[in-house]
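If you want the building blocks of each chain, they are given just below.
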Amino acid sequence: MGISSMNATINYNRKLLKNGKRVPFTKMNGGSGKKQSYKPYVFPEVQPHVLRRIRIKTRRQNRRLLIKQLIIGLVTLVIIVYLLYFSM
């Protein structure tokens, strides 16, 4: 298959697209031409005290995570400074 036949194929496909006779990306292996309809998810009603508990728990977990990250970062920084200072 030469370059001329590839060019002919590309030009033919372009003509089909311009005329509206060909819908792009419908015969691909991934199935991108399929129309998928997603069902909207309906969130259940939650009472305010449950939301408050979730909010408090999330804040507590975020605070613990921040403290852990700060401690790990500080220890890493101390180790790097120690290695740089005493390696010279």
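Preceding this paragraph is the structure being described.
This structure is a prediction, so every number in the text was calculated from the model and none was measured.

(A) Molecular detail of the overall build of the protein. Helix and strand counts for the protein stand at two helices and zero strands. Taken across its 88 residues, the protein has 2% of its residues classed as buried. Roughly 9400 Å² of accessible area belongs to the protein as shown, and the carbon and sulfur atoms make up 63% of that amount.

(B) A look at a nonpolar patch on the surface. A cluster of nonpolar side chains, namely I67, I71, L74, V75, L77, V78, I79, V81, Y82, L83, Y85 and F86, defines an oily patch on the protein surface of about 1300 Å² accessible area. Positionally, I79 belongs in helix α2 (residues 48–87). When its relative accessible area of 46% is taken as the criterion, I79 is described as partly exposed.

(C) Summary view of the packing of aromatic side chains. Across all of its chains, the model carries two aromatic pairs by this definition. With 5.0 Å between their ring centres and 85° between their planes, Y85 and F86 make a pair best called edge-to-face. A residue is classified by how much of its surface remains accessible, and Y85, at 61% relative accessible area, is exposed.

(D) Here's a closer look at a positive patch on the surface. On the surface, a cluster of positive charge is made up of R52, R55, K57, R59, R60, R63, R64 and K68. Its location among the elements puts R52 in helix α2.

Reading the values: rules and limits
- Residues numbered from 1 in each chain as written.
- Predicted model: local features only at pLDDT ≥ 70, side-chain atom pairs only at ≥ 80, totals over all residues.
- Heavy atoms only, no water.
- Helix = DSSP H or I, 4+ residues; strand = E, 2+ residues; numbered from the N terminus.
- Buried < 20%, exposed > 50% of the residue type's maximum accessible area, 1.4 Å probe, protein only.
- Areas by Shrake-Rupley, 256 points an atom, 1.4 Å probe, with all protein chains shown as cover.
- Patch = residues over 30% accessible without salt bridge, like charges linked within 9 Å, V, L, I, M, F, W, Y side chains within 5 Å.
- Salt bridge = Lys/Arg side-chain N within 4 Å of Asp/Glu carboxyl O.
- Phe/Tyr/Trp six-rings, centres within 6.5 Å; stacked < 30°, edge-to-face > 60°.
- Lys, Arg positive; Asp, Glu negative; His and termini not counted.
- Charge placed at Lys NZ, Arg CZ, Asp CG, Glu CD.

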